[in-house]
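Residue strings, one per chain:
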Amino acid sequence: EHLPPEMVIPPPPWAACATAAPLLSRRNCCYNFFPSPLFAELVPSIMSNMLNPDAIFSNNEMSLSDIEIYGFDYDYTLVFYSKHLHTLIFNAARDLLINEHRYPAEIRKYDYDPNFAIRGLHYDVHRALLMKIDAFHYIQLGTVYRGLSVVPDEEVIAMYDGSHVPLEQMSDFYGKSSQGNTMKQFMDIFSLPEMTLLSCVNEYFLKNNIDYEPVHLYKDVKDSIRDVHIKGIMYRAIEADIEKYICYAEQTRAVLAKLADHGKKMFLITNSPSSFVDKGMRFIVGKDWRDLFDVVIVQADKPNFFNDKRRPFRKVNERGVLLWDKIHKLQKGQIYKQGNLYEFLKLTGWRGSKVLYFGDHIYSDLADLTLKHGWRTGAIIPELRSEIKIMNTEKYIQTMTWLQTLTGLLEHMQVHRDPDSQMILEEWKKERKEMREMNRNFFNAQFGSLFRTDENPTYFLRRLSRFADIYMASLSCLLNYEPDYTFYPRRTPLQHELPGWSDQLCTGTFRIPFLQETVQVK
């Protein structure tokens, strides 16, 4: 009452419900709020502005008119794989564990579960625990798994003296566990079968009371997964039955053709081998696929490609034979192996923000390019499409609207210290916890959303926001935008800012292209 009028902040809309009711009836106010007229108005309002799963989202302002050169990774960027591939990788690595590392044959009874893990999880190598960590290094309780079983919150807190993971224990810059880092972060889409296999083998040893060293188990599983790639097991299987493993996407060719028609230069840098890439690109683009690219580099060994200044480029001829002639120019229509980015920049002159590179691995594909070389970067996040579709459902919107309302009630009513009010507050906290678990199950029963924990963005999203200027579910999203389109990140309010400006954007006051109703395929 002593504040000037311009500093008096009106209460939130649900506050009248909480403060007007007598003390002992506040419980009814909360529990009966769900079907209230206000809530009934909020849900349709939100649903009228659903996000488009095929939109492109921006972390940093970027105009496509400034982009002259487009670069691409291959796996999960130009080409997408069917659900059969992860089963193949899991089974092949499991058999390598049995046949080459002498693991018990009984682990063959475990099959790949595509619904167990999500990308971006951390694995404590010494404790053999798989978990989800937020942007502030806090473990999301309820998402810590030993084998295939969740670890009770009390045990997690006792092991880590709370739920925070110190910086020196976190994974290194590229998500690896090295030089004392006890955490490994799984950022690659190919890592989903690795996480599942780790959990299955841990589960077998635990269930059968077999003593084992978690560090050795992690190394053996990592080596087996690596050998599936290095020994060519995966490549040969895909080449032998390409229609089974590769999802034919004519839009990949449409994207490349559109860029070529607008005079854009294009290049490909991939860790995959030459014959594998050639057969895949012939399948999804056509036998003339090399005509679309100015430079093609295979077996690049990213992220070392971006840092090593010594390895030279070698030309690969039509028979796949490596030639040893010194490379003075990177020619269109040719395939080159290995090399390094510094030589690439010298030979092409493609530098700075006129280059936009797309990849699915935030560390190996994007981090060095944006931090050290000033390229613009685009992350391909296939999970984005399915998560947005979930967020567009009425059930999810109802749950989240109520969860946010419940959080507001807790914040507003916590000033009441009498026993009855405190009892009601505790009941609200219990309900809020239940709603959070319900929200997690919308996405993944074990770990929830790729992008959020209960309270904060995930560590995965933190790195995505730092290393990617834009992100999207697939390259086909580029077809929704003109080649001179400018991406503007939404001005989300800081904690000390009023939300009004952001609310105007979110309610469709401005017709913005990430809303479902406004995106049209050109």
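Residue numbers here run from 1 along each chain, matching the order of that chain's written sequence. Under the rules for a predicted model, residues below a pLDDT of 70 receive no local features and side-chain atom pairs below 80 are neither given nor counted, while totals for whole chains, interfaces and linings still include all residues. As a convention, hydrogens and water are excluded, and side-chain values are obtained from all of the structure's heavy atoms.

Student: Help me out: how do you make sense of the overall build of the protein chain in this one?
Tutor: Looking only at helices and strands, the protein chain has 18 helices and 18 strands in total. Looking at the protein chain as a whole, 53% of its 522 residues are labelled buried. Note on contacts: a residue pair qualifies if any of its non-hydrogen atoms lie within 4.5 Å across the two residues. Put simply, of all contacts in the protein chain between residues at least 6 apart along the chain, 74% involve residues at least 24 apart. Surface summary for the protein chain: the accessible area is close to 25,200 Å², and the carbon and sulfur share equals 51%. In this text, helices come from DSSP runs of H or I with a minimum length of four residues, and strands from runs of E with a minimum of two, each type numbered from the N-terminal end. Exposure classes here rest on a 1.4 Å probe applied to the protein chains alone. A residue is buried below 20% of its type maximum, exposed above 50%, and partly exposed in between. Shrake-Rupley sampling with a 1.4 Å probe provides the accessible areas, and residues are treated as covered by the protein chains on show and by no other component.

Student: Can you walk me through the packing of aromatic side chains in this structure?
Tutor: Each Phe, Tyr or Trp ring, with Trp reduced to its six-membered ring, pairs with another whose centre is within 6.5 Å; inter-plane angles below 30 degrees give stacked pairs, above 60 give edge-to-face pairs, and intermediate values give tilted ones. For the structure shown, the criterion picks out 36 aromatic pairs. Measuring from centroid to centroid gives 5.7 Å for F305 and F306, while their planes differ by 85 degrees, and the two rings are edge-to-face. Across the pair, exposure class does not vary: F305 and F306 are buried alike. With centroids separated by 6.4 Å and ring planes inclined at 50 degrees, the aromatic side chains of Y357 and W375 adopt a geometry described as tilted. Of this pair, Y357 sits in strand β15 (residues 355-359) while W375 sits in the loop between α13 (362-372) and β16 (376-380); the two residues are 18 residues apart in sequence, bridging distant segments of the chain. Judged by relative accessible area, Y357 falls into the buried class, the value being 0%. Ring-pair connections join several aromatic residues into one group, and the members of that group are Y70, F72, W289, F293 and F358. In this scheme, the term charge over a ring applies when either NZ of a lysine or CZ of an arginine sits within 6 Å of the ring centre and within 35 degrees of the ring normal. Of note, R127 hangs over the ring of Y160, and the distance from its end group to the ring centre comes to 4.4 Å.

Student: Explanation requested: the pattern of salt bridges in the structure shown.
Tutor: Side chains carrying opposite charge are able to pair once their charged atoms draw close together. The rule for a salt bridge is simple: a side-chain nitrogen of Lys or Arg has to be within 4 Å of a carboxyl oxygen of Asp or Glu. Taken as a whole and judged by the stated rule, the model has 25 salt bridges. Of the charged contacts, one joins R290 and E318 as a salt bridge, the two residues approaching to 3.3 Å between their closest N and O atoms. Here R290 is found in the loop between α11 (274-284) and β12 (295-298), whereas its partner E318 is found in the loop between β13 (313-316) and β14 (335-338), with 28 residues between them in sequence. Given a relative accessible area of 15%, R290 falls into the buried group. Three or more residues are tied together by salt bridges with common partners; here these are E100, K219, D223, R226, D227 and K231.

Student: So what exactly am I meant to see when it comes to the packing of helix α4 (residues 84-99) against helix α8 (residues 233-240) here?
Tutor: The description of two packed helices rests on the angle between their axes and on the distance between the axes. Here α4 crosses α8 at 140 degrees, and the two axes come no closer than 10 Å. When the interaxial angle is binned, α4 and α8 end up oblique. As for how α4 packs across α8, the hand of that crossing is right-handed. Taken together, the residues of α8 that come into contact with α4 (itself represented by L85, L88, I89, A92 and L96) are I233, M234, A237 and I238. Residue composition of the contact of α4 with α8, by class: nine nonpolar, no polar and no charged. Angular values range over 0 to 180 degrees, each being the angle between N-to-C directions of two axes fitted as lines to C-alpha atoms, with helices fitted over their stretch in contact. Note on angle classes: values under 35 degrees are labelled roughly parallel, values over 145 roughly antiparallel, values of 65 to 115 roughly perpendicular, and the remainder oblique. If you view the pair so one helix is near and one far, a crossing is left-handed when the near helix is turned anticlockwise from the far one by less than a right angle, and right-handed when it is turned clockwise. Here the nonpolar group is Ala, Val, Leu, Ile, Met, Phe, Trp, Tyr, Cys and Pro; Asp, Glu, Lys and Arg are the charged ones; every other residue, Gly included, is treated as polar.

Student: Explain the nonpolar core here, please?
Tutor: The nonpolar side chains of a soluble globular protein tend to be buried, and buried together. Each nonpolar core is a collection of buried residues, namely Ala, Val, Leu, Ile, Met, Phe, Trp, Tyr and Cys, held together in the definition by side-chain atoms within 4.5 Å. Membership of the largest hydrophobic core comes to 138 residues, with the highest contact counts inside it found for F293 and F344. At nine residues, the largest contribution of residues to this core is made by α4. With sequence-adjacent residues up to four places away left out, F344 is seen in contact with F267, V295, I297, F305, F313, L330, G349, W350 and W375. One finds L409, L410, L425 and M435 within the second-largest nonpolar core, a separate group that totals 10 residues.

Student: Help me understand the UniProt feature "binding site: GMP" (unreviewed entry) in the protein chain in this model?
Tutor: UniProt positions are given in the numbering used here, feature names are shortened, and annotations may be inferred rather than shown by experiment. UniProt's entry tags D75 with the feature "binding site: GMP" (unreviewed entry), counted in the numbering of this structure. Locating D75 in the fold gives a position in the loop between β3 (69-72) and β4 (80-81). For D75, a relative accessible area of 10% translates into the label buried. Other than its neighbours up to four places away in sequence, D75 contacts Y81, F190, T270, S272, F276 and D360. Side chain to side chain, D75 and Y81 meet in a polar contact 2.4 Å long. Pairs of N or O atoms are called polar contacts if they sit within 3.5 Å, as long as, within protein, a hydrogen donor faces a hydrogen acceptor (for residues adjacent in sequence, only side-chain-to-side-chain pairs).

Student: Just to check I follow, could you spell out the sheet that holds β15 for this structure?
Tutor: Within a beta sheet, neighbouring strands are joined by backbone hydrogen bonds and run either parallel or antiparallel to one another. Whether two strands pair comes down to DSSP finding at least two bridges between them. Spatially, β1-β17-β16-β15-β3-β11-β12-β14-β13 is the arrangement adopted by the nine strands of the open sheet, whose pairing is mixed. Single-partner strands in this sheet number two, and they are β1 (57-58) and β13. Note: β1 against strand β17 (residues 470-472), two bridges, orientation antiparallel. Among the inter-strand pairings, S58 is bridged to a residue of β17, identified as I470.

Student: It is not clear to me how unusual backbone geometry should be interpreted in this structure. Could you clarify?
Tutor: Among all residues save glycine, negative phi is the norm, and among peptide bonds the norm is trans. Going from K302 to P303, the amide bond is cis rather than trans, its omega being 5 degrees. Counting through the fold element by element, P303 comes out in the loop between β12 and β13. The phi dihedral of H137 falls on the positive side, at around 70 degrees, and the residue is not glycine. Structurally, H137 is set in the loop between β6 (129-131) and β7 (145-146). Given the relative accessible area of 8%, H137 is considered buried. In this structure, D301 takes a positive phi of about 60 degrees despite not being glycine.

Student: Mind showing me how you'd approach the UniProt feature "binding site: Mg(2+)" (unreviewed entry) in the protein chain here?
Tutor: The positions that UniProt labels "binding site: Mg(2+)" (unreviewed entry) are, in the present scheme, D73 and D360. In three dimensions, the annotated residues from a span of 288 residues occupy one location, with a maximal C-alpha spread of 7.6 Å. On the basis of relative accessible area, D73 is assigned to the buried category, the value being 6%. If we skip the residues at most four places from it in the chain, D73 touches L78, L268, I269, T270, K302, Y357, F358, G359, D360 and D365. Polar contacts involving the side chain of D73 include one to the side chain of K302, which spans 2.9 Å. One can find D360 in the loop between β15 and α13. Given a relative accessible area of 4%, D360 falls into the buried group. Not counting residues within four places of it along the chain, the set of residues in contact with D360 comprises D73, D75, Y76, T77, R119, D188, I189, D365 and I380.

Student: What exactly am I supposed to notice about the side chain of Q185 here?
Tutor: With respect to the helices, strands and loops of the structure, Q185 is situated in strand β9 (residues 183-185). With relative accessibility at 1%, the residue Q185 sits in the buried group. A polar contact is formed between the side chain of Q185 and the backbone oxygen of G120, at a distance of 3.2 Å. A distance of 2.6 Å separates the side chain of Q185 from the side chain of Y363, its partner in a polar contact.

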